[in-house]
Amino acid sequence: MPLIEYETLDRKIIIRIRDRICETPEELITSDLFRHIVKEAILELHQHDSYLLNIFPVKEAGREEIDVLIEIFQFLVKMKAELVPNVVKNSASLLKDKHLFNEFVEYLYNYWRNFDRFIICESAEGTVESRPYRIFNNTIEHLMHLVRAVYRDIQENITGEHPNIYRQVRAGAEIATIAVPQKLPFRSNTFKKLDAIPVIRQVLLYPPLILNPPMNKRTGKFEKISVNPLEKVDIDSREWLCYPAKVGPLVIWIYFHQKFAELGFSLCNLFELATGKDLDKKPDGVFCFGVPRQSLEGLGKSLTVFYEDTKNDVLIAACPSDDEFGYYGYLKKMVLTLHNVVMMKRGILPFHGALVRIILSKNKIVTVLLIGDTGAGKSETLEALREMGKDIIKDLIIIADDMGSIQIDAKGQALGYGTEIGAFLRLDDLKPGYAFGQMDRAIIMNPNKINARIVIPVTTFDKLIAGYPIDMVLYANNYEEVDEDHPIVERFQTVEEALKIFREGTVMSKGTTTSTGIVHSYFANVFGPTQYRELHDALASKYFEAFFKKKLYMGQFRTRLGIAGAERKGPEEAAQALLNLISK
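Cut-offs applied
- Here the residue index of a chain counts from 1 through its sequence in written order.
- Totals for whole chains, interfaces and linings use all residues, but because this is a predicted model, local features are given only for residues with pLDDT of at least 70 and pairs of side-chain atoms are given and counted only at 80 or more.
- Calculation of side-chain values draws on the structure's entire complement of heavy atoms; hydrogens and water are dropped beforehand.
- Each helix corresponds to a stretch of at least 4 residues labelled H or I by DSSP, and each strand to a stretch of at least 2 residues labelled E; elements are numbered beginning at the N terminus.
- Any pair of nitrogen or oxygen atoms within 3.5 Å is treated as a polar contact; in protein, a donor-acceptor pairing is required on top of that, and neighbouring residues in sequence qualify only through side-chain atoms on both sides.
- Here, residues are in contact when the closest pair of their heavy atoms is within 4.5 Å.
- Only strands that DSSP links by at least two bridges are regarded as paired with each other.
- Here the axes come from fitting lines to C-alpha atoms, over the contacting stretch only for helices, and the angles between their N-to-C directions go from 0 to 180 degrees.
- Partly exposed describes any residue whose relative accessible area lies between the buried limit of under 20% and the exposed limit of over 50%, with all areas from a 1.4 Å probe on protein chains only and scaled to the type maximum.
- Classification of ring pairs uses Phe, Tyr and Trp, with its six-membered ring standing for Trp, and accepts pairs whose centres are within 6.5 Å; under 30 degrees between planes counts as stacked, over 60 as edge-to-face, and the remaining range as tilted.
- Buried and open spaces are told apart on a 1 Å grid over the protein atoms alone, a cavity being a set of points where a 1.4 Å probe fits but cannot get out and a pocket being an open set with protein on both sides within 12 Å along at least five of seven lines. Residues with an atom within 4 Å of a point are the lining residues.
- Grid points are joined across faces, edges and corners, and a volume is the space filled by probe spheres set on the points.
- When residue character is reported, Ala, Val, Leu, Ile, Met, Phe, Trp, Tyr, Cys and Pro are called nonpolar, Asp, Glu, Lys and Arg charged, and the others, Gly included, polar.
- Given a helix with a known number of residues, its expected span is that number minus one, times 1.5 Å.
- Definition used for salt bridges: Asp or Glu carboxyl oxygen within 4 Å of a side-chain nitrogen of Lys or Arg.
- Joining through side-chain atoms within 4.5 Å is the link that ties buried Ala, Val, Leu, Ile, Met, Phe, Trp, Tyr and Cys residues into a set, and such a set is a nonpolar core.

**Student:** Tell me what's going on with the side chain of asparagine 340, and back it up with residues and numbers.
**Tutor:** Tracing the backbone through its elements, the reader meets asparagine 340 in helix H7 (residues 328-345). Looking at asparagine 340, its side chain comes within polar contact range of the main-chain oxygen of phenylalanine 527, at 2.8 Å. When neighbours within four sequence positions are excluded, asparagine 340 is seen to be in contact with Pro350, Met403, Gly404, Asn525, Phe527 and Pro529.

Shown next as C-alpha cells:
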C-alpha cells in the first residue's frame, strides 16, 4: 500500500503523499481514508436518522457492518451485485434492496465530494524541477479518474445499466501541490522553527472552485508592534505550508496553517509563485497566517500584527487561527501592507488602487491610475469602460488591480507598477454574467453570503513589473451625487487641493469590512501609510508636486457605487465620462 497521511478539518481533507497514491480500485477501497469517509458518512446518516441506513440489518451500523460494506465494494467493482453474496459473507442483507443500496452509494460519493480536498506531494529535493508533470499527471489526474471509475463501476454493477450521460466532475483532489522543505537564509534562531515547513513549488488546481471559508468580512487594522511575533509562536511544521509570493519586485514567504488551506492555496490566483533564485535570497517579508491566538495576545491592541526586524532587514507578520480571521482579505491585505512598508522605506510611494494601460484606436496610449478604498468602484468602472469602449479601445491592460507603487525616474516621469497577477472582486458589484464568463479560471468564495468574492488572474507578472508612464491620477469618489457643481470627472487645480482629498480618503463603506456608512482612511490606504504616516506624508507631497510639474491629469471621478440605486448606473456613467476624456 502507498504511504498516505490524511487529516480532516471541518469540511476539508488534506492528503499528504510521499511517493504515490492509490493506483488500483483495491488500494482505494481498502485505504484508511476510504474507511474513514465511509464511517463518517454513516455517522452523519445516524444524526438525521436517514432511511438510507435501512441497507443495514440493524440501523446502528458498527465496525462489523462497515467491514462487510467495504468488502462488498471490493467485489462490486468487478462483478454484478447478484453474484456478490456468493463470495462475501453476510452481504445478502445489505444488497436485498438494490435501489436503496444504489442511493447509498450516490450519497457516499456526494459526501466525499462535499469536502474541500487538497493533496500535498512532499517530493524529495532534486525531483521537483525534473518531474513535476510526471508527479501531477500520474498521481493527481489518475486519482480523479480512479475515484470516478470506481463509483461508476459499482453503480453499473448494482443497477445493471450503463448511464447515457457522464458528468466529469472533480472526483479526486481540487487542488494539489508539490512542496519541499527549505530553510530561510537567516542566522537568527528565531527563524529555525520555519525551516522544516514545506515550501510550495508547483500547484495544480481544477477551477472553478467554490470555497466557503469561515468569515466573509475583515475588521480592524494591521498594527505595528515592538516585539517579534515569531518569537512567541509555537509552530508544528506538519500542520503548515509556505507559499513564496512575488509581490511586485518583492518576495514574501507566506506560511499558512492547514486550517486555512483553502485560503492559502488560493494565493496562486493572486500572486506569482516565487521559484529558482528568488528562493535563495533573503525574503522581504515573512507572514504566518493561522497562529494560536494566545501567542499574539498582549503584543498590541490588535491581533493582526507586524514587526520591523531591522537587524535582519525583514518584516514579520502574524494573524490568529480563529474563525473570525478566516477571510481572504486578512491574508491578502497583510501581504500588501508588508509590500507598502518596504516600498516607503525605499522612498517609493505605494498606492491602493487600479492601474490600467488603455490602448485606443490610432495607437493612442493612456495610462490611468484610479485610487480609492475597497468598494469605491474602481474595478466596476473599469469593467464598464471595457464594455462600452469596445469600438475604440484596442486593448485594456491591467497593471495593478488593487495595490501597487509609483517611482519617479531621472526625467521626472511617474512610473506605475503592480503587485498582484490576480483580482479579488465582489460578485455583487460585477456586471451580470461577468463572473460566469471568467468561471473557467475562478475561485469563488462564500457565494451564498454578503460580500461574496471571486479570485481570478487578470494580468501577467511581466506586465505588472514593467513600469509604465502614468498620464492620469484619479480619486474614486463613491459617495457624492453628480450635479452642476460636482461633475462625474473633476480636475484638481493645485497640489494642496489634491493632497486634501487624498488625505481625507472619504468613502461610503460597501460592507467589505465591518465598517458602514461614510468612513475616512488616510490616502484610502490603511495598509502601511497609516502606520508610517510621517514617512508617507513626506513622500506624497514630493510625488504630488512631481505629478503637477509633469502636468499629469489629477482629479476625482464620482462612481456613486455607495449610493442606493446607482450601483450599476454610477460606474457606467463614470466609465463613459472617462472614455470621453481619454479619447479626445
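After that view of the structure, there is still more to cover.
**Student:** Let's hear about the sheet that holds strand E20 (residues 443-445): which residues, and what values?
**Tutor:** Read across the open sheet, the four strands follow the order E6-E20-E21-E19; overall the sheet is mixed. Each edge of the open sheet carries a strand with a single partner, namely strand E6 (209-211) and strand E19 (422-426). Recorded for the sheet is a direction-independent mean angle of 20° between the axes of neighbouring strands. Inspection of the sheet shows E6 paired to E20 by three bridges, in the parallel sense. Looking at E20, one finds that isoleucine 210 is bridged to isoleucine 444.

**Student:** Tell me what's going on with the environment of isoleucine 488, and back it up with residues and numbers.
**Tutor:** Mapped onto the elements, isoleucine 488 comes out in the loop between strand E23 (472-477) and strand E24 (489-491). Relative accessible area serves as the criterion here: at 18%, isoleucine 488 is assigned to the buried category. The spatial distance from the C-alpha of isoleucine 488 to the C-alpha of proline 229 is 46 Å, given a sequence separation of 259 residues. In this view, isoleucine 488 contacts Val482, Gln556, Phe557, Arg558, Glu573, Ala574 and Ala577; residues no more than four positions away in its chain are not counted.

**Student:** Kindly report on the packing of aromatic side chains, identifying the contributing residues and their values.
**Tutor:** Two numbers describe a pair of aromatic rings. These are the distance of the centres and the angle of the planes. On inspection of all chains with the given rule, the structure shows 27 aromatic pairs. On the numbers, 6.0 Å between centres and 45° between planes, the contact of tyrosine 107 with tyrosine 111 is tilted. Of this pair, tyrosine 107 and tyrosine 111 both sit in helix H4 (residues 98-113), separated by four residues, roughly a single helical turn. With a relative accessible area of 16%, tyrosine 107 lands in the buried category. The exposure class assigned to tyrosine 111 is buried, which follows from its relative accessible area of 6%. Their ring planes at 35° and their centres at 4.9 Å tell us that phenylalanine 260 and phenylalanine 289 sit as a pair that is tilted. Of this pair, phenylalanine 260 sits in the loop between strand E9 (250-257) and helix H6 (261-265) while phenylalanine 289 sits in strand E11 (residues 285-291), placing them 29 residues apart in sequence. Residue class for phenylalanine 260 comes out buried when judged on its relative accessible area of 0%. By relative accessible area, phenylalanine 289 is classed as buried at 0%. Joined through ring pairs, the aromatic side chains of Phe34, Phe56, Phe73, Phe101, Phe104, Tyr107, Tyr111 and Phe115 make up one cluster.

**Student:** If you had to explain empty space enclosed by the protein to someone new, which residues and values would you point to?
**Tutor:** Tallied over the entire structure, the rule returns six cavities of 30 Å³ or more. Roughly 110 Å³ of volume is contained in the second largest cavity. Contributing to the lining of the second largest cavity are 14 residues, with Leu349, Pro350, Phe351, Ile371 and Phe523 lying nearest its centre. Here the element with the most residues in the lining of the second largest cavity is strand E14 (residues 349-360); it accounts for four residues. For the lining of the second largest cavity, the residue count by class is 11 nonpolar, three polar and no charged.

**Student:** Account for helix H2 (residues 32-47), with residues named and values stated.
**Tutor:** A rise of 1.5 Å per residue sets the reference length of H2, with its 16 residues, at 22 Å; its end C-alpha atoms lie 23 Å apart and thus fit the reference within 8%. As for H2, its buried residues are in contact with strand E1 (4-9), strand E2 (12-17), helix H1 (25-29), helix H3 (63-76) and H4.

**Student:** Explain the pairing of strand E15 (residues 365-371) to me, and be specific about the residues and the numbers.
**Tutor:** Counting buried residues in E15 gives six out of seven residues, a clear majority hidden from the surface. Relative to E15, E14 runs antiparallel, the two sharing seven bridges. What sits directly across from alanine 354, in E15, is leucine 370. Between E14 and E15, which pair antiparallel and follow one another directly, the connecting turn spans four residues, one of which, lysine 362, has a positive phi of 65°. Pairing geometry for E15 and E23, over four bridges, is parallel. Residue valine 368 lies in a different strand from E23, and its bridge partner there is methionine 472.

**Student:** An account of the pattern of salt bridges is needed here, citing residue identities and associated values.
**Tutor:** Scanning the model with the defined rule gives 27 salt bridges in all. For glutamate 387, the salt bridge goes to lysine 390, with nearest N and O atoms at 3.4 Å. In this structure glutamate 387 comes out as partly exposed when scored by relative accessible area, which is 41%. When its relative accessible area of 56% is taken as the criterion, lysine 390 is described as exposed. Note that lysine 500 is salt-bridged to glutamate 504, the shortest N-O span being 2.8 Å. Placement of the pair is lysine 500 and glutamate 504 together in helix H11 (residues 495-504), with a separation of four residues, close to one helical turn. We classify lysine 500 as partly exposed; its relative accessible area is 47%. Classification of glutamate 504 by relative accessible area gives partly exposed; the value is 32%.

**Student:** How would you sum up the layout of surface pockets? Please name residues and give values.
**Tutor:** Taking a probe equal in size to a water molecule and rolling it over the atoms shows the remaining empty space. The calculated volume of the largest pocket comes to roughly 460 Å³. Forming the walls of the largest pocket are 23 residues, and the residues nearest its centre are Leu28, Ser31, Leu33, Phe34 and Val147. Of all the elements in the fold, those that place two or more residues in the lining of the largest pocket are E1, H2, H4 and helix H5 (132-159). A class-by-class count of the residues in the lining of the largest pocket yields 21 nonpolar, one polar and one charged.

**Student:** Tell me about the nonpolar core, and please be specific about residues and values.
**Tutor:** Grouped together as the largest cluster of nonpolar side chains are 114 residues, with contacts concentrated most on Tyr255 and Phe287. Leave out the neighbours within four places in its chain, and tyrosine 255 touches Leu184, Leu194, Ile197, Trp240, Leu241, Cys242, Val286, Phe287, Cys288 and Phe289. Judged by nonpolar contacts, the second largest core, of 59 residues, contains Ile42, Leu76, Phe101 and Ile119.

**Student:** How would you sum up the pairing of strand E17 (residues 403-408)? Please name residues and give values.
**Tutor:** Strand residues, when the strand is regular, have side chains that alternate between the two faces of the sheet. Pairing between E14 and E17: four bridges, direction antiparallel. By the bridge assignment for E17, proline 350 is matched with serine 405.

**Student:** How would you summarise unusual backbone geometry if you had to cite specific residues and measurements?
**Tutor:** Here the amide bond leading from proline 207 into proline 208 is cis, since omega sits at 0°, within 30 degrees of zero. The residue proline 208 is located in the loop between strand E5 (198-205) and E6 in this model. One non-glycine residue, aspartate 49, lies in the positive phi region at around 50°. By secondary structure assignment, the location of aspartate 49 is in the loop between H2 and H3.

So yeah, pure geometry; function would need other evidence.
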